[in-house]
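Residue-level structural notes
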Amino acid sequence: MPANRFNGFTEYGIGIGLRAPHYNHILTRKPVCDWFEIISENFMIDGGRPLHILDQILEQYKVVQHGVSMYFGSAEKANREHLRRLKELVKRTKTPWLSDHLCWGSVDGRYTHDLLPMPYTFEAAKLTAQKVREVRDFLEVPLAVENVSSYAEFHVSEMTEWDFLNEVVERADCGILLDVNNIYVSSQNHSFNPFDYVNGVPAERVAQIHIAGHSKYRKYILDTHDHPVIDPVWKLYERAIQRVGHTATLLEWDDSIPSFQEVHDEAMKADRFLSATLLATAV
Amino acid sequence: MKLHALQRTMARAVMQPLTRSERMQQTAPDGKPMRSYAARIIKPNDRLTSFERLEIYNRQYWFRVLSSMIEDFPGLRAVLGERRFEEMSKAYITDCPSRSFTLRNLGARLESWLRKHPNWAGAKQDLAVDITRLEWADIEAFDGRDEPSLGPEDLSGAADADVQLKLQPYLQLLSLKYPVDDLLLEVRQDDEDTDFASNAFQEKRKRKRVQAVAKLKPQPIFLAVHRIDDSVYFRRIEAEEYRILKALHAGKPLGEAIELGLRKTAIAREERAAAVQQWFQNWAALGWFCKL
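Report follows, based on the coordinates. For clarity, every value in this text was computed on a predicted model and none was experimentally measured. (Residues numbered from 1 in each chain as written. Chains lettered and ligands numbered in written order. Predicted model: local features only at pLDDT ≥ 70, side-chain atom pairs only at ≥ 80, totals over all residues. Heavy atoms only, no water.)

Things to note about the overall build of chain B
Of the regular secondary structure elements, chain B holds 13 helices and 5 strands. In terms of overall size, chain B is more extended than a compact globule, its C-alpha atoms giving a radius of gyration of 24 Å where 292 residues would be expected to give roughly 19 Å. Taken over the C-alpha atoms alone, chain B extends approximately 85 × 50 × 35 Å along its principal axes. Burial statistics for chain B: of 292 residues in total, 48% are counted as buried. Counting only contacts in chain B whose residues sit at least 6 apart along the sequence, the fraction spanning at least 24 positions is 65%. Taken as a whole, chain B presents about 14700 Å² of accessible surface, with 50% of it coming from carbon and sulfur. Taking the 47 positively charged and 42 negatively charged side chains of chain B as two groups, their mean positions are separated by 10 Å. (Helix = DSSP H or I, 4+ residues; strand = E, 2+ residues; numbered from the N terminus. Rg over C-alpha atoms; globule rule 2.2 N^0.38 Å. Buried < 20%, exposed > 50% of the residue type's maximum accessible area, 1.4 Å probe, protein only. Contact = heavy atoms within 4.5 Å. Areas by Shrake-Rupley, 256 points an atom, 1.4 Å probe, with all protein chains shown as cover. Lys, Arg positive; Asp, Glu negative; His and termini not counted. Charge placed at Lys NZ, Arg CZ, Asp CG, Glu CD.)

As structure tokens, this is what we get:
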């Protein structure tokens, strides 16, 4: 199950988000790390330092692309310039799969640069799935959509978030990047049982898993990626791994970024859950 | 409500400027109360009203785009002052919201917008426009395309007046009324020094900046914003150099570019050939020429 057609039949282990404060450490110390996830948009440029750094990373490490502004759920066509640049980057990195969020963020050509929540309607699922298919056909690489953290729900919604996710991925025949931290954040903000979500996704479509930390406020939780992973999120991760098996896992840390070693140590905590599944498989 | 209509409704609220106290406005984009506007599309829960849930996104939007402006235009912020810069940024982003998938391009229209709205900089309009141009050129030079460069040896046979020389796509050429390169370097140095500084130190820095801006006098300069080993540098060049390079950039053949560059020169006739030769050697050594 872990190596599947949605992650290019790869067997990746634990990865870390590649961030600028760690460039020097990675290039000079060459730490052991199974793979790095890059934010595609940071490298969809014409030249200069970011691309030269990326080329050096690519010489030594496996890299997977993750996007933040494809906006599969926006009710407008994909931006052609975005697609062209993304395809150029795919050729450069040879990413075995590519992910972006199940959300919207632009309307009438204006970008909010945020991951805005979808209304969980059949109309939205159909439009979103169509766009996922179009993007995948253009890029010619397996695609996985990621569930986002949300702070609002719409009156027009006709189903749960995980039913909506299933509706989209079945229609698009694409993979899932299951973000267990986002499931936890949304479960707290919308008062649902996060295990219902984890148990409700089609395990065979999970290409990758995200883990991260968040910030708790008085009335809601914000997905900030600036803290270690909390125990309830590890418990969700454990359940997810039980269901989907040994799956490529990535720790996101995007703000107040500590040393590479600290981020790496936090990511490696996932290993005890992954090892348990390997053991169970062996037995 | 259909998907496009719902997204349009929500985006209008999310992109509407915040109040002075950084809260969502009470009046919606359609002129009606924001409470009913939000309640029309968003469910409340047991802790937050529809208004409060929508407000989370409204605030996130503005915090994100304003942070991006602060990061990209520290020099303009020093010229205008922090509060005025923030107010100007809000007005700019309201008029020119992002139309790109990347925040890197958020400031692409700032120079032309500032020229149409001189009220924001007042007496410092020329200075504000100059520093904005420099900061945008810096962004363009940082990640602009580079092509295999031609060295001095490649140019040795390029004495033909009809030959065309291409400049590196990342190279930016500026004609400025103020020496804003010095100002920007000073601002950046201050920012590096005071990342972890106390409030008192930051206040002192603010005063120092106000003084630096106040004492800056007009002095026309010509600047090449370029790249060496992936780092961006500002190189002051002569007016003649600027004109030749601009002409080459516009696709003029070598002979015509040199003629245009030297048309109003004060350099003595007998010294011109040596000057031109030296400039071309320097530019080639810096890797500014590339294959057509």
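Examining empty space enclosed by the protein
Residues and elements named next belong to chain A. Evaluation of the coordinates by the stated rule reveals 3 cavities of 30 Å³ or more. L102, P117, M118, Y120, N147, V148, S150, E161 and F164 are the residues that line the largest cavity. Taken together, the residues that form the lining of the largest cavity break down as 6 nonpolar, 2 polar and 1 charged. Here the second largest cavity is characterised by a volume of approximately 50 Å³. Every residue lining the second largest cavity is listed: S40, E41, G67, M70, H82, L86, L98, S99 and D100. When residues of the lining of the second largest cavity are traced back to their parent elements, those giving at least two are α3 (80–93) and β4 (98–101). (1 Å grid on protein atoms, 1.4 Å probe; cavity = no way out; pocket = protein on both sides within 12 Å on 5 of 7 lines; lining within 4 Å. Points joined across faces, edges and corners; volume = space filled by probe spheres on them. Nonpolar A, V, L, I, M, F, W, Y, C, P; charged D, E, K, R; others polar.)

What about the pattern of salt bridges?
Once the charged atoms of two side chains with opposite charge are near each other, the side chains can pair. Going through the model one piece at a time under the given rule, you end up with 36 salt bridges over all chains. The salt bridge partner of R5(A) is D173(A), with a shortest N-O separation of 2.8 Å. Of this pair, R5(A) sits in the segment before β1 (14–17) while D173(A) sits in the loop between α5 (161–172) and β8 (175–179), and the two are 168 residues apart along the sequence. Of the residues examined, D173(A) reaches a relative accessible area of 25% and is grouped as partly exposed. Between R77(B) and E82(B) there is a salt bridge, and its shortest N-O distance comes to 3.8 Å. Overall, R77(B) belongs to the partly exposed group, its relative accessible area being 22%. We classify E82(B) as partly exposed; its relative accessible area is 30%. Among the charged side chains, a salt-bridge network with shared partners connects D46(A), E81(A), R84(A), R85(A) and E88(A). (Salt bridge = Lys/Arg side-chain N within 4 Å of Asp/Glu carboxyl O.)

Remarks on the sheet that holds strand β4 (residues 231–237) of chain B
All names here are of chain B. Strand order in the open sheet formed by 3 strands is β2-β3-β4, and the pairing between neighbours is antiparallel. The open sheet has two edge strands, β2 (172–176) and β4, and neither has a second partner. Within the sheet, the average angular offset between the axes of one strand and its neighbour, ignoring direction, is 25°. Those strands touched by helix α7 (residues 125–143) are β2, β3 (221–228) and β4, and its axis lies near 170° from that of β2. Against the sheet, helix α11 (residues 239–249) makes contact with β2, β3 and β4, and its axis sits at roughly 135° relative to β2, the strand it touches most. (Pairing = 2+ DSSP bridges. Axes fitted to C-alpha atoms, helices over the stretch in contact; angles between N-to-C directions.)

Considerations on the packing of α3(A) against helix α4 (residues 122–139) of chain A
Residues and elements named next belong to chain A. Closest axis-to-axis distance for the α3/α4 pair is 10 Å, and the angle between their directions is 45°. Taken together, the axes of α3 and α4 lie oblique to each other. For the crossing formed where α3 meets α4, the hand is right-handed. For the pair α3 and α4, the contacting residues are R80, L83, R84, L86, K87 and V90 in the first and V135, F138 and L139 in the second. Taken together, the residues that form the contact of α3 with α4 break down as 6 nonpolar, no polar and 3 charged. (Parallel < 35°, antiparallel > 145°, perpendicular 65-115°, else oblique. Left-handed = near helix turned anticlockwise from the far one by under 90°.)

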